[in-house]
Amino acid sequence: MPVIKILPHPEYCPNGAEIKAPAGTSICEALLDNKINIEHACDMSAACTTCHVVVREGFKSLNEPDETEEDLLDRAWGLEPNSRLSCQAILAQADVTVEIPKYSINHAKEMH
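Now for a description of the structure that goes with this document. (Residues numbered from 1 in each chain as written. Predicted model: local features only at pLDDT ≥ 70, side-chain atom pairs only at ≥ 80, totals over all residues. Heavy atoms only, no water.)

Moving on, we come to the nonpolar core. Counting 28 residues, the largest nonpolar core has Ile4, Ile6, Ile27, Ile36, Ile38 and Val98 as its most contacted members. Mapped onto this core, the elements with two or more residues apiece are β1 (3-6), α1 (27-33), β3 (52-57), α2 (67-73) and β5 (96-99). Counting residues per element, this core draws most heavily on α1, which supplies 5 residues. For valine 98, the contacting residues outside a window of four places in its chain are Ile4, Lys5, Ile6, Leu7, Ile27, Val53, Val54, Val55 and Arg56. (Core = buried A, V, L, I, M, F, W, Y, C linked by side-chain atoms within 4.5 Å. Buried < 20%, exposed > 50% of the residue type's maximum accessible area, 1.4 Å probe, protein only. Helix = DSSP H or I, 4+ residues; strand = E, 2+ residues; numbered from the N terminus. Contact = heavy atoms within 4.5 Å.)

And the structure:
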């Protein structure tokens, strides 16, 4: 079962974390299932960028982003070449390391 290493984030995961999730699970689902309450304003329907993460290791093991995700990522705060919408990034068998950006485009946060 792949391991997701989450780098420390002051709000969502102050000490960082390592969690396991089955292949075929999105990074967003895995984080939420493990009480790391990343924003996901569109309920994981690929309609916003609030679940944006930067994949620091294991990027190539994830599924390819589709055109909708790539278009949305253009609006994400702190976009990097290894940016993904965590709701669309599906785990394979490899471990990944992710960083949750300090800010998101969602100025009025919603609590889920």
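Once you've had a look at it, read on.
Now for the side chain of histidine 9. By the secondary structure assignment, histidine 9 is in the loop between β1 and β2 (17-20). For histidine 9, the side chain forms a polar contact with the main-chain oxygen of proline 101, separated by 3.2 Å. Beyond its immediate sequence surroundings of up to four residues, histidine 9 is in contact with Pro14, Ile100, Pro101 and Lys102. (Polar contact = N/O pair within 3.5 Å; in protein donor to acceptor, adjacent residues only side chain to side chain.)

Okay, the pairing of β3 next. Of the strand pairs in this sheet, β3 and strand β4 (residues 83-85) are connected by 3 bridges, and their pairing is antiparallel. Counted as the bridge partner of valine 54 is serine 83 from β4. Where β3 and β5 come together, 3 bridges link them in antiparallel fashion. When the sheet's bridge partners are listed, valine 54 is paired in β5 with glutamate 99. (Pairing = 2+ DSSP bridges.)

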